[in-house]
Amino acid sequence: MPPTTIHSSLFIGLMSGTSLDGVDGVIAAFPSAPAQHPVATLASAYMPFSASLRAELMALQTAGQNEIEREALVANTLSSHYAACVERLLADAGLRPDQIRAIGVHGQTIRHRPELGFTRQANNPALLAELTGIDVIADFRSRDIAAGGQGAPLVPAFHQAVFADPAQTRVVVNIGGIANISVLHHHATPGQSRDVIGFDTGPGNVLMDLWIKRHHGKDYDENGLWAASGQPAPALLDAMRKEDYFAAAPPKSTGRDLFHDAWLARHLASLPQLAPADVQATLAVLTATTIADAIAQHAPAAQTVYVCGGGAYNPYLMQQLAQALQKHHLAAAVQSTEALGIAPNHVEAVAFAWLALRFDQRRPGNLPLVTGARDLRILGALYPA
């Protein structure tokens, strides 16, 4: 039966990123008229992935036997996790499914090859619609890629709509598995965002997570304490910074297709053996310096750098980012997006709720200058409840 009561401003956003740790979900309320704070988070939830699901998602990052069937089964499992997250969100907010306009869900990226004309996110949005009784909007990258774009990053348009300030140039840095930046020029206003710059700068937490998992069995370096116990190795840092991706001009996007175990092993093999903690410290500095290099080149006048994603909770990484900006003689203050009203670990989930809103309004969700697409495009595909 069709929903009896629909509040068009309420959308659920679900995001599981490159870190492969779990799914973040939010219920976002968007006002019908523009406001200084155009989104409110009514509820949030986090559903961690099991070790077996993480292992299978990691294995699917590279070609393997029977991977079509394995991906389909993982997509079904993911949809069950997504549905459980939705159930918790609704319970916490005291809402019914018919009060939610739609769910925006990214899925789990297992291949991203825009240079070959495709991207692949493990997902079963039809099953999610069946399990939740809510319309689902998914597959946000494909239309941009079809229009000649990278299909990523998708969040700069959201950053512009929510975080821009006409009085100052801001940079929003998302440090998930991969790091990306959005440059929000002070002269750009929401709705006039064609000159926003955004791209993936390179690894965020992905290499650090890989390294601590290998040596300590942990999923991530809590508070950056292990990295802080080591000393960055200049020779390793210099070698890694020579990666061609860092010097490439945007639009550009990347992922585990490039920054993976073999990439790190190749650089370590050419150097004398280093203490594992020193490698971890160097990987943190690599993330910080490549972000700072990008900001220095594309936003030298930035007054504030706002950080979101898991990296915002790593004091050592945040310290290294501030120091790397200072080395470029940039005076920008470094803060988390908490200062702008959205918790760092909720920003991407809210962004996919916003992309679902844009699809629902039949309004573009991409920025051609960011992705390289030929023009603005409506992103996503609808799976009705």
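What counts and how
Residues numbered from 1 in each chain as written. Predicted model: local features only at pLDDT ≥ 70, side-chain atom pairs only at ≥ 80, totals over all residues. Heavy atoms only, no water. Helix = DSSP H or I, 4+ residues; strand = E, 2+ residues; numbered from the N terminus. Rg over C-alpha atoms; globule rule 2.2 N^0.38 Å. Buried < 20%, exposed > 50% of the residue type's maximum accessible area, 1.4 Å probe, protein only. Pairing = 2+ DSSP bridges. Axes fitted to C-alpha atoms, helices over the stretch in contact; angles between N-to-C directions. Contact = heavy atoms within 4.5 Å. Salt bridge = Lys/Arg side-chain N within 4 Å of Asp/Glu carboxyl O. UniProt positions renumbered as here; feature names shortened; annotations may be inferred. Core = buried A, V, L, I, M, F, W, Y, C linked by side-chain atoms within 4.5 Å. pLDDT = per-residue confidence, 0-100.

**Notes on the overall build of the chain**
Alright, step 1. A count of helices and strands for the chain gives 14 helices and 13 strands.
Alright, step 2. Taken over the C-alpha trace, the chain has a radius of gyration of 20 Å; the compact-globule value for 385 residues is 21 Å, and the two agree within 12%.
Alright, step 3. When the backbone C-alpha atoms are referred to their principal axes, the chain occupies close to 65 × 50 × 40 Å.
Alright, step 4. A total of 385 residues make up the chain; the buried ones form 55% of that total.

**A closer look at the sheet that holds strand E7 (residues 136-138)**
Alright, step 1. Pairing is mixed across the open sheet formed by six strands, whose spatial order is E3-E2-E1-E4-E7-E13. Because the sheet does not close on itself, it has two edges, and the strands there are strand E3 (40-48) and strand E13 (381-383). Strand-to-strand twist of the sheet, defined as the mean angle between neighbouring strand axes without regard to direction, takes the value 20°.
Alright, step 2. In the sheet, strand E1 (residues 10-15) pairs with strand E2 (residues 22-29) via six bridges, with the strands oriented antiparallel. Considered in E2, the bridge of Leu14 is made with Gly25.
Alright, step 3. Across the sheet, helix H3 (residues 125-132) lies against E1, strand E4 (102-105), E7 and E13, angled at about 160° from E7, the strand it touches most.

**Looking at the pattern of salt bridges**
Alright, step 1. Enumeration over the complete set of coordinates arrives at eleven salt bridges.
Alright, step 2. Where Glu115 meets Arg113, a salt bridge forms, and the shortest distance between an N and an O atom there is 2.4 Å.
Alright, step 3. We note a salt bridge from Arg241 to Asp293, for which the minimum N-O separation is 2.5 Å. Placement of the pair is Arg241 in helix H8 (residues 234-241) and Asp293 in helix H11 (residues 276-298), with a sequence separation of 52 residues.
Alright, step 4. Under the relative-accessibility criterion, Asp293 is labelled partly exposed at 24%.
Alright, step 5. Among the ionic contacts, a cluster of salt bridges with common partners joins Arg54, Lys213 and Asp219.

**Some points on the UniProt feature "binding site: ATP" (unreviewed entry) in the chain**
Alright, step 1. UniProt records the feature "binding site: ATP" (unreviewed entry) at Gly17, Thr18, Ser19, Leu20, Asp21, Gly22, Val23 and Asp24, using the numbering of this structure.
Alright, step 2. Relative to the assigned elements, Thr18 resides in the loop between E1 and E2.
Alright, step 3. The partly exposed category is assigned to Thr18, whose relative accessible area is 25%.
Alright, step 4. Excluding residues that lie within four positions of it along the chain, Thr18 makes contacts with Gln108, Gly177, Ile178 and Arg256.
Alright, step 5. Given a relative accessible area of 1%, Gly22 falls into the buried group.
Alright, step 6. Residues in contact with Gly22, not counting those within four places in the same chain, are Met15, Ser16, Gly17, Tyr46, Met47, Pro48 and Phe49.

**Some thoughts on the pairing of strand E6 (residues 118-122)**
Along any regular strand, the residues point their side chains to alternate faces of the sheet.
Alright, step 1. Looking at chain direction, strand E5 (residues 108-113) and E6 are connected through five bridges and run antiparallel. Residue pairing in the sheet places Arg113 in a bridge with Phe118 of E6.
Alright, step 2. Turn length for the E5-E6 hairpin, with the two strands adjacent in sequence and antiparallel, is four residues, and the turn residue Gly117 shows positive phi of about 85°.

**Let's talk about the sheet that holds strand E8 (residues 170-175)**
Alright, step 1. The strand order across the open sheet built from five strands is E10-E9-E8-E11-E12, with neighbouring strands paired in mixed fashion. Only two strands of the sheet have a single partner each, and these edge strands are strand E10 (197-203) and strand E12 (333-336). Between one strand axis and the next, the sheet turns by 20° as a mean value, whatever way the strands run.
Alright, step 2. Relative to strand E9 (residues 178-184), E8 is paired through six bridges, and the arrangement is antiparallel. Paired with Asn174 across the bridge in E9 is Asn180.
Alright, step 3. This element, helix H5 (residues 155-163), spans E8, E9 and E10 of the sheet and lies at about 45° to E9.
Alright, step 4. Across the face of the sheet, helix H12 (residues 315-327) comes into contact with E8, strand E11 (304-308) and E12 while running at roughly 155° to E12.

**Re the nonpolar core**
Alright, step 1. With 51 residues, the main nonpolar core has Val171, Val173, Ile181 and Ile295 as its most contacted residues.
Alright, step 2. Broken down by element, the residue count for this core peaks at twelve residues, all from H11.
Alright, step 3. Look past the residues within four positions of Ile181 in its chain and what remains in contact with it is Pro156, Val171, Val172, Val173, Ile197, Gly198, Phe199, Thr201, Ile291, Ala294 and Ile295.
Alright, step 4. Listed in part, the 37 residues of the second largest apolar core include Ala28, Leu340, Leu367 and Val370.

**Remarks on the pairing of E2**
Alright, step 1. With eight of eight residues buried, E2 is to be regarded as a mostly interior element.
Alright, step 2. Pairing of E2 with E3 involves eight bridges; the strand directions are antiparallel. If you follow Ala28 over to E3, its bridge partner there is Thr41.

**Brief notes about the confidence of the model for the chain**
Alright, step 1. Residues at a pLDDT of 70 or more form 95% of the chain, whose mean pLDDT is 93.
Alright, step 2. Of the regions scoring below 50 in pLDDT, residues 1-7 engages in nine contacts with residues more than four places distant in sequence or in other chains.
Alright, step 3. Contacts from residues 188-194, a stretch scored under 50 in pLDDT, to residues over four places away or in other chains number twelve contacts.

**What about the environment of Ala55?**
Alright, step 1. Among the structural elements, Ala55 can be located in helix H1 (residues 51-59).
Alright, step 2. Among the residues examined, Ala55 registers a relative accessible area of 48% and is labelled partly exposed.
Alright, step 3. Between the alpha carbons of Ala55 and Leu20 there is a distance of 9.1 Å; along the sequence they are 35 residues apart.

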